[in-house]
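# Fold and contact review
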Amino acid sequence: MFCEELRKIRLVPVVVIEDAAQATPLAEAIVSGGLSCVEITLRTDEALTALGTMAARLDLQVGAGTVLTLGQAKAAVDRGARFIVSPGMSPSLVDWCLARQIPVIPGCATATEIQLALERGLDIVKFFPAEQLGGVKMLATLAAVFQNMHFMPTGGISPGNLLDYLALPQVVACGGSWLVRTNWLREKRFDDIRREIARAVELLETGVRNDHD
Ligand code: 3PG
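Reference entry: report on the structure contained in this document.

## Some details on the overall build of the protein chain
Within the protein chain one finds 11 helices and 8 strands. Computed over C-alpha atoms, the radius of gyration of the protein chain comes to 16 Å, within 12% of the 17 Å expected from 2.2 N^0.38 for 213 residues, which places it in the range of a compact globule. With the C-alpha coordinates of the protein chain rotated into their principal frame, the extents come out at 45 × 40 × 25 Å. Burial status across the protein chain gives 50% buried among its 213 residues. If you sum the accessible surface of the protein chain, you get close to 9300 Å²; carbon and sulfur atoms cover 52% of it. Computed over 20 positive and 24 negative side-chain charges, the separation of the two mean positions in the protein chain equals 1 Å.

This is how it looks when you write it as structure tokens:
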């Protein structure tokens, strides 16, 4: 179910936010750029507050990323996170989410980890770190073996390889930090963020990237 929602979304900006005051203009930039989903990584002190602010919007699905502990997962869900993403395959984290019907996307880098996710009943994992692991070729090889699994590759995704990943039928969406650069956030360059997102949406829709607007 969540997998099918992600297939419509196709692209999930991965955000490191240092100042919760940036949450409102960031949400606006993402939505006005044309996307409806975001992953807020729990790597900063203000991430949970920012997540809560953004999750209040009805036009934005906000998930928590870099979730390493059950305590983090609970805190994120309490603040409105719609889904949980983790860098690795933690059976206890996955079970916690499944018991509460919270969509969870664990990171998997090997066949063994994908098999663990499959045993838990999951139908989607994050292939992470995608480019460093061998990119589209590696993922295509794993996907051929795990035919009922779906993937959200993340790590090294860019406008240059996004469409190659999405061309794999089992890839429902890609995650990437290039859409919301941390230094752009720091410098409050929300217009640059909106423009970068709009370019990526255009790339998804037309297969062509326009760098000149
Ligand atoms: C992350 O969790 O930071 C993701 O791996 C993002 O990777 P990227 O910076 O290569 O997009």
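The discussion continues.
## Comments concerning the packing of aromatic side chains
In the structure shown here, the tally under the stated rule is 1 aromatic pair. Seen in terms of ring centroids, Phe2 and Phe83 are 5.2 Å apart; in terms of plane orientation they differ by 40°. Their pairing is tilted. Note that Phe2 is positioned in helix H1 (residues 2-9) and Phe83 in strand S4 (residues 83-86), a separation of 81 residues in sequence. Judged by its relative accessible area of 10%, Phe2 is buried. For Phe83, a relative accessible area of 0% translates into the label buried.

## Remarks on the site of the ligand
As a matter of local geometry, the ligand sits amid Val14, Arg43, Lys126, Phe128, Thr154, Gly155, Gly156, Gly176 and Ser177. A distance of 2.5 Å separates an oxygen atom of the ligand from a polar atom in the side chain of Ser177. In isolation the ligand has 310 Å² of accessible area, and contact with the protein removes 77% of it. Residue composition of the shell around the ligand, by class: 2 nonpolar, 5 polar and 2 charged.

## Structural notes on the sheet that holds strand S5 (residues 104-108)
Spatially, the 8 strands line up as an open sheet ordered S7-S6-S5-S4-S3-S2-S1-S8, and their pairing is parallel. The open sheet has two edge strands with one neighbour each: strand S7 (150-151) and strand S8 (174-176). Two elements, strand S3 (residues 61-65) and S4, share 2 bridges in a ladder whose sense is parallel. By the bridge assignment for S4, Ala64 is matched with Ile84.

## Considerations on the nonpolar core
In a soluble, globular protein the nonpolar side chains are often hidden away together inside. Counting 63 residues, the largest nonpolar core has Leu26, Ile40, Met54, Ile84, Phe151 and Ile193 as the members making the most contacts within it. It is helix H11 (residues 190-206) that contributes the most residues to this core, 6 residues altogether. Ignoring anything within four residues of it in the chain, the contact list for Ile84 reads Ala64, Val67, Ala73, Ala76, Val77, Leu93, Cys97, Ile102, Pro103, Val104 and Ile105. With 13 residues, the next largest nonpolar core counts Cys3, Ile9, Phe83 and Met152 among its residues.

## A word on the packing of helix H2 (residues 23-33) against helix H3 (residues 47-55)
Running from N to C, H2 and H3 point in directions that differ by 50°, and their axes come no closer than 9 Å. By the angle class used here, H2 and H3 are oblique. H3 is crossed by H2, and the crossing has right-handed handedness. Contacts between H2 and H3 pair Ala23, Thr24, Leu26, Ala27 and Ile30 from the former with Ala50, Thr53 and Met54 from the latter. Of the residues contributing to the contact of H2 with H3, the split by class is 6 nonpolar, 2 polar and no charged.

Cut-off values and rules
Residues numbered from 1 in each chain as written. Predicted model: local features only at pLDDT ≥ 70, side-chain atom pairs only at ≥ 80, totals over all residues. Heavy atoms only, no water. Helix = DSSP H or I, 4+ residues; strand = E, 2+ residues; numbered from the N terminus. Rg over C-alpha atoms; globule rule 2.2 N^0.38 Å. Buried < 20%, exposed > 50% of the residue type's maximum accessible area, 1.4 Å probe, protein only. Areas by Shrake-Rupley, 256 points an atom, 1.4 Å probe, with all protein chains shown as cover. Lys, Arg positive; Asp, Glu negative; His and termini not counted. Charge placed at Lys NZ, Arg CZ, Asp CG, Glu CD. Phe/Tyr/Trp six-rings, centres within 6.5 Å; stacked < 30°, edge-to-face > 60°. Near = heavy atom within 4 Å. Polar contact = N/O pair within 3.5 Å; in protein donor to acceptor, adjacent residues only side chain to side chain. Nonpolar A, V, L, I, M, F, W, Y, C, P; charged D, E, K, R; others polar. Pairing = 2+ DSSP bridges. Core = buried A, V, L, I, M, F, W, Y, C linked by side-chain atoms within 4.5 Å. Contact = heavy atoms within 4.5 Å. Axes fitted to C-alpha atoms, helices over the stretch in contact; angles between N-to-C directions. Parallel < 35°, antiparallel > 145°, perpendicular 65-115°, else oblique. Left-handed = near helix turned anticlockwise from the far one by under 90°.

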